[in-house]
Amino acid sequence: MGKKRVMLPAKDVDLSSVKYQREIVQAPHLTGFVFRLFVRILEAPLIGPIIMDVLKKQNKIEEILQHTVIPEEPMFKPEYPPQGGSLSSPVNALFLFNIAVLGVVVLEEEGSPEDRVISALKCLPHYDVAELWENSHASFRYWKIRDYAHAYRSKKVTPSMVAERIISIIEENGRNKPPIPLLISFVAAEVREQAAASTQRFEAGNPLSILDGIFMAIKDDIDCYPHPSKGASTWMHEVRTVKKDAVCVSRLRSCGVIFVGKANMHEFGMGTTGNNPNYGTTRNPHAPDRYTGGSSSGPAAIVASGICSAALGTDGGGSIRIPSSLCGVVGLKTTYGRTSMEGSLCDSGTVEIIGPIASSVEDVMLVYAAMLGASPANKISLRPPPPCLPTLSSNDYSNALGSLRIGKYSPWFNDVHSTEISDKCEDALNLLSKEHGCEMIEIVIPELLEMRTAHVVSIGSECLCSLNPDCADGKGAKLAYDTRTSMALFRSFSAADYVAAQCIRRRHMYYHMEIFKKVDVIVTPTTGMTAPIIPPSALKSGETDMQTTANLMQFVVPANLLGFPAISVPIGYDKEGLPIGLQIMGRPWAEATILRVAAAVEKLCGESKKKPASYYDVLKAN
């Protein structure tokens, strides 16, 4: 048994004495027959728990959770300093002053999604038709939502014409050998019906919003009626019926969005690569022999390949930001509680959110504006301030960036699989400082290993609690092998482990809120590696590769455990042409700040976009 470790209260920790510790994961990388055999042994009554105990000891999980005295009381879901929930509240005087100074538009959370989208549209830079359609010198650029809207309004194309192109592509992909489906559930007739209704609205001159006729994919753990929500498993639809849209999907539908179907994902979100033996593994549009990242693999790939303007994913451990980074698109993780989780498979967790993936920051802003809105319970418990968006169209844009303080923990920032990643991210920050005069501030974040451990216990216990009732009647044996590996780990956590993890959550909330007194955002690479190669032996049965998981999750965990908003924005490529993303994390409810920084980074780094190897121009069909 290890020696007892006693932590000082977080407020008494001397940050100058903190030494960065690299995380070295000790676990086997297995695929094929050996992996299947390992899972069977892991699930065996006597030997399985012994193997799991050894792995947990090797990775210091037992030491952190069971042999450490943590003086903080537990925090069972994110708690933030009170900021007031009403615009008329005196608490919000400073909030309103900051809005006036920084060029931010307040969105009416209780208003209609269509009205919020109109407000978001006013935040965007001027749309220059001649520059974008006739005189564009860019070698490659993604079509944006406003490009589709212009094409529809000027009768260059109709939603029904675009729908036929998308249907053809999806059906062609479905015939691939081996299958590499972007979508798990797809009904061509339903897509045609939605597109015909949108086309009629344009012909009558009354589209519902700028999002009318915009095609979106929905991750398979979010309800989109009449499609089933399987969580990319083979059986969830048998025990859970979808009777209506998730709240966020309903809000988008009221704006005229056309839903193409349910996007592929890592089974139940329990993985970071996007590997899925049940339906086939989605390939990275930039390199088909590489993973997309997960668990929102299908949503990121379908946007990166140009088929849809945007998609909805879920993010409980980087599941939006990781695939967005690896596929070269933009992914937004909102503050915990900013968007409703009602109508998703993960609607009762404390680390997960639903958020948008798109090819540009402006498109993420439009989708986010439509779908936002806290649940009634979170409005009471979290008391979120009014949601805001940055005005990217005014002179205030540069002024706000000039006063920005950017926090960077260099030893952590540079702890990547390849220095190409940290170098590219450093270059992006240097451009930002040079162009806008932002101040770079060195910060220290202690106990990163403890934080990662607290996160895996939290998300793992919540997943287990959600799936236990169904797995008890034999469905657990139908799970993919890597999901079963995760479930074996999660079952090994005790109630005491869970409470210890929540005490660590409170410590890190203190550390981060202290950091946010000195900086406005914290920047890191989004992932510690670019898209990993898919081992052919992993396609049939999956794989376990905890070192790759650790590399991919290296920087994403704080935003999930603590509920902070974070965004991944593409900034370039490595020598193999694989995308690299920069992560910008803000204080609670500061979506406007991270979106502003992301838009600036995108403008500085977006000129050299490469056309993905798998790309479809569904707007011009060329």
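Computed from a predicted structure; not experimentally measured.

(A) Looking closely at the overall build of the protein chain. Secondary structure summary: the protein chain contains 25 helices and 19 strands in total. For the protein chain, the C-alpha radius of gyration of 23 Å lies close to 25 Å, the compact-globule estimate for 622 residues. Dimensions along the principal axes, computed over C-alpha positions, put the protein chain at roughly 75 × 55 × 45 Å. Of all 622 residues assigned to the protein chain, the portion counted as buried reaches 62%.

(B) Looking closely at the pairing of strand β9 (residues 287–291). Two elements, strand β8 (residues 283–284) and β9, share two bridges in a ladder whose sense is antiparallel. Paired with R283 across the strands is Y291, a residue of β9. As consecutive antiparallel partners, β8 and β9 are separated by two residues.

(C) Summary view of the sheet that holds strand β12 (residues 353–358). If you walk across this open sheet you meet the 11 strands as β5-β7-β6-β10-β12-β11-β18-β19-β16-β14-β15, and the pairing is mixed. At either margin of the open sheet sits one strand with a lone partner, and together these are β5 (183–185) and β15 (439–442). Strand after strand, the sheet turns through a mean of 35° between neighbouring axes, direction not considered. When strand β10 (residues 310–315) meets β12, the two strands line up antiparallel, connected through six bridges.

(D) Representation of the environment of I307 within the structure. Here I307 shows up in the loop between α12 (297–304) and β10. The class for I307 is buried, based on a relative accessible area of 1%. Residues I307 and I167 lie 140 residues apart in sequence; the distance between their C-alpha atoms is 9.7 Å.

(E) Expanded view of the side chain of H286. You can see H286 is positioned in the loop between β8 and β9. Residue classification places H286 among the buried residues on the basis of a relative accessible area of 14%. From its side chain, H286 meets the backbone oxygen of C327 in a polar contact 3.1 Å long. Excluding residues that lie within four positions of it along the chain, H286 makes contacts with C327, G328, Y573, G577, P579, K610, P612 and A613.

(F) Highlighting the pattern of salt bridges. Going through the model one piece at a time under the given rule, you end up with 27 salt bridges. Between R506 and E79 there is a salt bridge, with its nearest N and O atoms 3.4 Å apart. Note that R506 is positioned in helix α21 (residues 495–515) and E79 in the loop between β3 (68–69) and α4 (93–102), a separation of 427 residues in sequence. What makes E79 partly exposed here is its relative accessible area of 39%. Its salt-bridge partner being R141, residue D147 comes within 3.0 Å of it at the nearest N-O pair. Note on R141: relative accessible area 21%, which makes it partly exposed.

(G) Structural detail: the state of the cysteines. Scanning all chains against the criterion turns up zero disulfides. Left without a disulfide partner, C224 is nearest to the cysteine sulfur of C248, which lies 9.4 Å away. Overall, C224 belongs to the buried group, its relative accessible area being 0%. Free of any disulfide, C465 has its nearest neighbouring cysteine sulfur in C463, separated by 10 Å. Judged by its relative accessible area of 59%, C465 falls in the exposed class.

(H) Geometry of the environment of S168. One can find S168 in helix α8 (residues 159–174). Under the relative-accessibility criterion, S168 is labelled partly exposed at 40%. As for S168 and A188, which are separated by 20 residues in sequence, their C-alpha atoms are 9.3 Å apart.

(I) Quick peek at helix α18 (residues 419–436). Over its 18 residues, α18 extends 26 Å from the first C-alpha to the last, a length consistent with the 26 Å expected when each residue adds 1.5 Å. Turning to α18, its buried residues number three or more, namely I421, S422, C425, A428, L429, L432 and H436. Seen end-on, α18 carries its buried residues on one side only, within an arc spanning 120°. Exposed residues lying more than 90 degrees from the buried face of α18 are T419, K434 and E435.

(J) Fine view of the packing of aromatic side chains. In this structure the tally under the stated criterion is 14 aromatic pairs. Taking 5.1 Å as the distance between ring centres and 70° as the angle between the ring planes, the aromatic pair formed by F140 and Y142 counts as edge-to-face. With respect to class, F140 is no different from Y142; both count as buried. Taken together, the ring pairs in this structure connect Y80, F516, F564 and W589 into an aromatic cluster. One cation-aromatic arrangement involves K408 over F413; the distance from NZ or CZ to the ring centre is 4.7 Å.

(K) Quick peek at the side chain of K56. Among the secondary structure elements, K56 is positioned in helix α2 (residues 47–58). We note that K56 is buried and unpaired, the nearest opposite charge coming from D497 at a distance of 4.4 Å. Not counting residues within four places of it along the chain, the set of residues in contact with K56 comprises I61, E62, L489, S492, F493 and D497.

(L) Fine view of the packing of helix α1 (residues 32–42) against helix α20 (residues 481–491). At a minimum axis separation of 10 Å, α1 and α20 run at an interaxial angle of 30°. In terms of orientation, α1 and α20 fall into the roughly parallel class. Handedness of the crossing formed by α1 with α20: left-handed. Contacts from F35, R36, F38, V39, R40 and L42 in α1 reach Y481, D482, R484, T485 and A488 in α20. Residue composition of the contact of α1 with α20, by class: six nonpolar, one polar and four charged.

Parameters and conventions
- Residues numbered from 1 in each chain as written.
- Predicted model: local features only at pLDDT ≥ 70, side-chain atom pairs only at ≥ 80, totals over all residues.
- Heavy atoms only, no water.
- Helix = DSSP H or I, 4+ residues; strand = E, 2+ residues; numbered from the N terminus.
- Rg over C-alpha atoms; globule rule 2.2 N^0.38 Å.
- Buried < 20%, exposed > 50% of the residue type's maximum accessible area, 1.4 Å probe, protein only.
- Pairing = 2+ DSSP bridges.
- Axes fitted to C-alpha atoms, helices over the stretch in contact; angles between N-to-C directions.
- Polar contact = N/O pair within 3.5 Å; in protein donor to acceptor, adjacent residues only side chain to side chain.
- Contact = heavy atoms within 4.5 Å.
- Salt bridge = Lys/Arg side-chain N within 4 Å of Asp/Glu carboxyl O.
- Disulfide = S-S within 2.5 Å.
- Expected span 1.5 Å × (residues − 1).
- Arc of directions from axis to C-beta.
- Phe/Tyr/Trp six-rings, centres within 6.5 Å; stacked < 30°, edge-to-face > 60°.
- Lys NZ or Arg CZ within 6 Å of the ring centre and 35° of its normal.
- Lys, Arg positive; Asp, Glu negative; His and termini not counted.
- Parallel < 35°, antiparallel > 145°, perpendicular 65-115°, else oblique.
- Left-handed = near helix turned anticlockwise from the far one by under 90°.
- Nonpolar A, V, L, I, M, F, W, Y, C, P; charged D, E, K, R; others polar.

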